[in-house]
Amino acid sequence: MKTFALGQILAVIRLELGKTFFARRGLWIYLLALAPVVLFLGHSIYAPREQQRLARLAAAHPVPAKALNSIQTGMSRQEVLKDLGRPYFQRTWRHRRGPRRFREHVFYAYTDGRSDFHFFFADGRLRFIRRDDPDTLAKLSVIFATVFQYYYLRLAVFFGCVGVFINLFRGEMLDKSLHFYLLTPVRREVLTVGKYLAGLLATMVIFTASTALQIAAMLWEFGHGAVGSYLAGGGWGQIGAYLGITALACVGYGSVFLAAGLLFRNPIIPAAAVLIWESANLFLPPTLKHLSLIFYLQSLCPVVAAPAGNLPRLLTLLISAAQPASHAAALACVLVFSLAVVAVSCLRARTLEISYGTD
Amino acid sequence: MSDTAITFDNVSRFYGEVLGVNRITLSLSPGITSLVGPNGSGKTTLMNLMTGLVRPTCGEIRVLGVKPTEPAKLFRLVGYATQFDSFPKGLTGFEFIYSFLRLFGSSSAESARLSAQAIAQVGMTEAANRKVAGYSKGMRQRIKLAQAIAHNPRVLVLDEPLNGLDPLVRIETIDLFRKYASEGRHVIVSSHILHEVEAISDQVILLNSGYVVAEGQIHGVRSEIQERPYEILVRCSRPSELASKAFELDHVVEAQLLADGGGVLVKTRDADRLLRALNHLALGGIQIEGVAPADDNVNSVYDYLIGGEGATK
Ligand SMILES: Nc1ncnc2c1ncn2[C@@H]1O[C@H](COP(=O)(O)OP(=O)(O)O)[C@@H](O)[C@H]1O
Ligand SMILES: [Mg+2]
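As a convention, each chain's residues are numbered from 1 in the sequence order in which they are written. Whichever chain is written first is A, and whichever ligand is written first is 1; the rest continue in order. Where totals are concerned, whole chains, interfaces and linings use all residues; where local detail is concerned, this predicted model gives features only for residues with pLDDT of at least 70, and gives and counts side-chain atom pairs only at 80 or more. Here the side-chain values reflect all heavy atoms present in the structure, with hydrogen atoms and water set aside.

1. With respect to the domain arrangement of chain B
- What marks off one domain from the next here is an automatic or database domain assignment. The domain boundaries assigned to chain B delineate domain 1 (6-216) and domain 2 (227-294).
- Each of domain 1 of chain B and domain 2 of chain B has a C-alpha centre, and the two are 46 Å apart.

2. A look at the site of ligand 1
- What surrounds ligand 1 is a group of 14 residues, the closest being Gly40(B), Gly42(B), Lys43(B), Thr44(B) and Thr45(B).
- We call a residue near a molecule or strand whenever a single non-hydrogen atom of that residue lies within 4 Å of it. Ligand 1 sits at the junction of chains A and B, each of which supplies nearby residues.
- Residue Gly40(B) places a main-chain N or O atom 2.7 Å away from an oxygen atom belonging to ligand 1.
- One of the backbone N or O atoms of Ser41(B) is found 3.2 Å from an oxygen atom in ligand 1.
- Cavity means a closed set of points on a 1 Å grid over the protein atoms alone, one where a 1.4 Å probe fits but cannot get out, pocket means an open set with protein on both sides within 12 Å along at least 5 of 7 lines, and lining means a residue has an atom within 4 Å of a point. By definition, a pocket or cavity contains a molecule when more than half of the molecule's atoms lie within 2 Å of the pocket's grid points. If you map ligand 1 onto the pockets, it falls in the second largest pocket.
- Sorting the residues of the shell around ligand 1 by element identifies β2 (18-28) and α1 (43-50) of chain B as the ones contributing at least two each.
- Under the convention adopted here, Pro, Cys and the residues Ala, Val, Leu, Ile, Met, Phe, Trp and Tyr are nonpolar, Asp, Glu, Lys and Arg are charged, and Gly plus all remaining residues are polar. Class assignment for the residues of the shell around ligand 1 results in four nonpolar, nine polar and one charged. Polar contacts here mean pairs of N or O atoms no more than 3.5 Å apart (in protein, one a potential hydrogen donor and the other a potential acceptor; neighbouring residues in sequence count only if both atoms are side-chain atoms). Segments assigned H or I by DSSP are reported as helices when at least four residues long, segments assigned E as strands when at least two residues long, and all are numbered from the N terminus.

3. A look at empty space enclosed by the protein
- Grid points are joined across faces, edges and corners, and a volume is the space filled by probe spheres set on the points. Within this structure, the stated rule accounts for five cavities of 30 Å³ or more.
- Roughly 110 Å³ of volume is contained in the largest cavity.
- Along the walls of the largest cavity sit 15 residues, with Leu183(A), Phe104(B), Gln147(B), Ala148(B) and His151(B) positioned nearest its centre.
- Listed by contribution, the elements that provide at least two residues to the lining of the largest cavity are β5 (78-81), α3 (93-101) and α5 (137-149) of chain B.

4. Things to note about the coordination of the magnesium ion (ligand 2)
All names here are of chain B.
- All of the protein donors around the magnesium ion (ligand 2) are Thr44 (OG1) and Gln83 (OE1); their distances to the metal are 2.0 to 2.4 Å. In this pair, Thr44 is assigned in helix α1 and Gln83 in the loop between β5 and α3, connecting sequence segments 39 residues apart.
- When its relative accessible area of 18% is taken as the criterion, Thr44 is described as buried. Donor atoms (N, O, S) are those found within 2.8 Å of the metal centre, with the cutoff raised to 3.2 Å for Na, K and Ca; water is not part of the atom list, so apparent gaps in a site can occur. When a residue's accessible area, from a 1.4 Å probe over protein chains only, is under 20% of the maximum for its type it is buried; when over 50% it is exposed; and in between it is partly exposed.

5. Description of the layout of surface pockets
- Of the voids in this model, the largest pocket is the one considered here, and its volume is about 900 Å³.
- Looking at the largest pocket, it is lined by 39 residues, and the ones nearest its centre are Lys19(A), Thr20(A), Ala23(A), Arg24(A) and Arg25(A).
- Among the elements of the structure, α1 (2-22), α2 (27-60), α5 (137-175) and α7 (188-219) of chain A together with α3 of chain B are those that each provide at least two residues to the lining of the largest pocket.
- At 11 residues, α5(A) tops the list of elements feeding residues into the lining of the largest pocket.
- The residue inventory of the lining of the largest pocket, partitioned by class, reads 19 nonpolar, 10 polar and 10 charged.
- Estimates place the volume of the second largest pocket at around 570 Å³.
- Lining the second largest pocket we find 25 residues, and of these Tyr15(B), Thr44(B), Thr45(B), Asn48(B) and Gln83(B) sit closest to its centre.
- Breaking the lining of the second largest pocket down by element, the ones donating at least two residues are β2 and α1 of chain B.
- For the lining of the second largest pocket, the leading source of residues is α1(B), giving four residues.
- When its residues are assigned to classes, the lining of the second largest pocket shows seven nonpolar, 12 polar and six charged.

6. Details of unusual backbone geometry
All names here are of chain B.
- Positive phi values are uncommon outside glycine, yet Arg23 reaches one of about 50°.
- With respect to the helices, strands and loops of the structure, Arg23 is situated in strand β2.
- Given the relative accessible area of 58%, Arg23 is considered exposed.
- One non-glycine residue with positive phi stands out, namely Glu160, at about 45°.

7. What about the sheet that holds β2(B)?
All names here are of chain B.
- Pairing between strands is defined by DSSP: at least two bridges between them are needed. Ordered by their spatial adjacency, three strands build an open sheet running β2-β1-β4, and the pairing between neighbours is antiparallel. Both outer strands of the open sheet, β2 and β4 (58-63), are each paired with one neighbouring strand and no more. The sheet shows a mean angle of 20° between the axes of neighbouring strands, direction not considered.
- Across the sheet, α1 is in contact with β1 (6-15), β2 and β4; its angle to β1 comes to roughly 115°. In this analysis, axes come from line fits to C-alpha atoms, helices being fitted only over the stretch in contact, and the angle between any two N-to-C directions falls in the range 0 to 180 degrees. We call two residues in contact when some of their heavy atoms are within 4.5 Å.

The following block contains the structure:
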């Protein structure tokens, strides 16, 4: 009996895979998955060129690195010019502050051939220094962690799962072809699990492949030596963790949208509600944070991202920190939650009726 | 006993406020059974109830002893071709039948053999490897039929299976029904045209507005319709005189004075002749103020079902 159900699940998966992988409606899922790969690839191509540009500029406008590092805010423009000589690029503009009063802004750019320094002066005093150092693996892995947690999991995998899982049942109700399934000797629970697994297979393959490609693209600009020592020093573990978290996100979000497609006439509304809830997670008090999937997924991430980096000051005040869950607890929570949601979906499928068109 | 019959025990189904079928109690034995009734009379609802696509609001259904909520058992016994004219996207006729047969647990080779066999039975072998999307209406009807019979079910449920078939294919399809019925299986077909199925049916169930209005062997049903008297309400002066005159007519079954004293309810087997006779009485001095069918709805349904013959004979 059990092996028979297994055979049926495989048969359902076989029927579904064509739809989940190759649906014409689903092309945008591949675009979502591909976008971050393109981003990292673009960066890997751009970074060495930038280094070459800085090296050329440093040859034309030599500045000693020691002098560059000694510049501090508050210094006057003359002092900076005295220490560093002429910048390789400069710009001046005026800001009217009254009928006859102006404020003068000056921007200087210097480089030692590796780092890029931007100095911003106002009324002759150095107010602000921006420094771009050459890429290091440590720096990039924080960027990767940030993209992974704030774009990839929350948007790409999320919407990918919306597209695939909501349509498992809903799509066939719209096509008016669900009844063919319901007229076979397959228990509704078996059908539901089979469809869920088919969705998982598709999303896991698409999104873990994307994660792997993103990491490969990120590592591309670094030499063999640097990559080798990164991998040897825990890099493989990080890569494994990212792949696992991606798959786990598909398990979690997949179950939610499987249920949404079964329980709601218009599942886009619950999907939007979940999106808002998961995004608001950042600003929720710690106890409520525990009620979202993204909290547990983030707890599992191997590198801490810096969410506050680019947010306005006021918003950062609203962010509350919660102690991340332990890895075992996070994993268990996501799995138990998903299992429960799939079970609810099975119950719903048992009483599902066919009434196309009258919705 | 219950193992060969399909039974409905006091089954009702409401769609919200809308009545689908009401208080249906039926026992269907093997052979060809036709569900006949105008659109919206509940034929599809009955079939969906039988196959678990919708659930009864109340009442019990058993198909050869199996509950419709047990698909794993039910669809070893039942094949259902629905009225929906839609198919999974991108499949050929063969792939369509084959891929769902795989869910029955047969091996790949066995499924392929059964698919080819079912397709041959409906005469679609030549078109089997073309996409269903390119089929004509008649071909889609036939491929649905093939899908319903592919796993060799003991109960075939077919919703309007003759719709859209050209005359030749129609004859072949009816032969297929007969063959299945002669093997002791159930063949349940629906139609909104009685004469389309009356010649082939062992049993006919007439439905109207969610109720079974007649059931039985076809000859019984037809004569039951034809012999059922029309009830006509006549508003007139001197009603008791009209009632006694009406009684003298041989086609009048009953004439009943209305309680308000302003008319007579006449039951007749021949409405036309009654109307002519009323004209005659009017000439004789009784003032006829109005004539109307007392039970418009039921009469018109019967007229519709038997093609208007009952009213003019
Ligand atoms: N899914 C549904 N939702 C609401 N009303 C329905 C639904 N299906 C059928 N009905 C109503 O139930 C009645 C019977 O319909 P149906 O069984 O389709 O009749 P038939 O097949 O004889 O045309 C009709 O009044 C129809 O409008
Ligand atoms: Mg119908």
